[in-house]
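So you can see what is in the structure, the chains are spelled out below.
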Amino acid sequence: QVQLVESGGGLVHPGGSLRLSCTASGSIFSIPAMDWYRQTPGKQRELVARITGDGVTNFADAVKGRFTIFSDNAKNTVYLQMNSLKPEDTAVYYCGADIRDADAIKHYWGQGTQVTVSS
């Protein structure tokens, strides 16, 4: 059984910064990739950023130059550093991970953490 636990959400003023973290635990052989998605009411969950086990990253156009994703493979943890936050970044942010156990690669989700950007 695999769990993803997120932390770091909250309320921040426009222009401010937040760092989200997500740690995977459980029956893990390897983690090929970890990512962050976000979702607002009535909209589909959208990819924000992704990092592979080799350190290759990609970002949604809306966050390029403002957000950074990095990981600590030894701790099975991924971080999302969010700078220059805008009100339109307000959403529930979900951590995701492609995790290989003894049998296969499966995608897992965290429980979500609320990020609110407001003055």
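As shown above, the structure is provided for reference.
Keep in mind the model is a prediction, meaning the values are calculated, not measured. (Residues numbered from 1 in each chain as written. Predicted model: local features only at pLDDT ≥ 70, side-chain atom pairs only at ≥ 80, totals over all residues. Heavy atoms only, no water.)

## Side note on the sheet that holds strand 8 (residues 77–82)
By way of backbone hydrogen bonds, the strands of a sheet pair with one another, either parallel or antiparallel. Quick reminder of the rule: Criterion used throughout: strands pair if DSSP finds at least two bridges between them. The numbering of helices and of strands both runs from the N terminus, where a helix is a DSSP run of H or I of at least 4 residues and a strand a run of E of at least 2. Throughout, an axis means a line fitted to C-alpha atoms (over the contacting stretch in the case of helices), and angles, computed between N-to-C directions, take values from 0 to 180 degrees.
Read from one edge of the open sheet, 4 strands run 1-3-8-7, paired in antiparallel fashion. Two strands close off the open sheet at either side, each with one partner strand: strand 1 (2–7) and strand 7 (67–72). When the angles between neighbouring strand axes are averaged without regard to direction, this sheet yields 15°. Here strand 3 (residues 18–26) runs beside strand 8; their pairing, made up of 6 bridges, is antiparallel. Residue pairing for strand 8: Leu 18 is matched across the bridge by Met 82.

## Concerning the nonpolar core
The condition that has to hold: Here, the term nonpolar core denotes a set of buried Ala, Val, Leu, Ile, Met, Phe, Trp, Tyr and Cys residues that are joined through side-chain atoms within 4.5 Å. With a 1.4 Å probe rolled over the protein chains alone, any residue whose accessible area is under 20% of its type maximum counts as buried; one over 50% counts as exposed, and the rest are partly exposed. Whether two residues are in contact is decided by their heavy atoms, any of which lying within 4.5 Å being enough.
Ranked by size, the top nonpolar core spans 28 residues in total, and within it Met 34, Trp 36, Leu 80, Met 82 and Tyr 93 carry the most contacts. Those elements that place two or more of their residues in this core are strand 1, strand 3, strand 4 (30–39), strand 5 (46–52), strand 7, strand 8, strand 9 (91–100) and strand 11 (113–117). At 5 residues, the largest contribution of residues to this core is made by strand 9. Among residues more than four places away in sequence, those in contact with Met 82 are Gly 16, Ser 17, Leu 18, Leu 20, Arg 66, Phe 67, Tyr 93 and Val 115.

## Considering the packing of aromatic side chains
Applied cut-off: Paired rings are identified among Phe, Tyr and Trp, the last through its six-membered ring, by centres lying within 6.5 Å, and are further divided according to the angle between planes into stacked (under 30 degrees), edge-to-face (over 60) and tilted (the rest). Sitting over a ring, as applied to charges here, requires NZ of Lys or CZ of Arg to be within 6 Å of the ring centre and within 35 degrees of the ring normal.
In this structure the tally under the stated criterion is 2 aromatic pairs. When the ring centre of Tyr 94 is taken as reference, the NZ or CZ atom of Arg 45 above it lies at 3.6 Å. The positively charged end of Arg 45 is found above the aromatic ring belonging to Trp 109, 4.6 Å away from the centroid.

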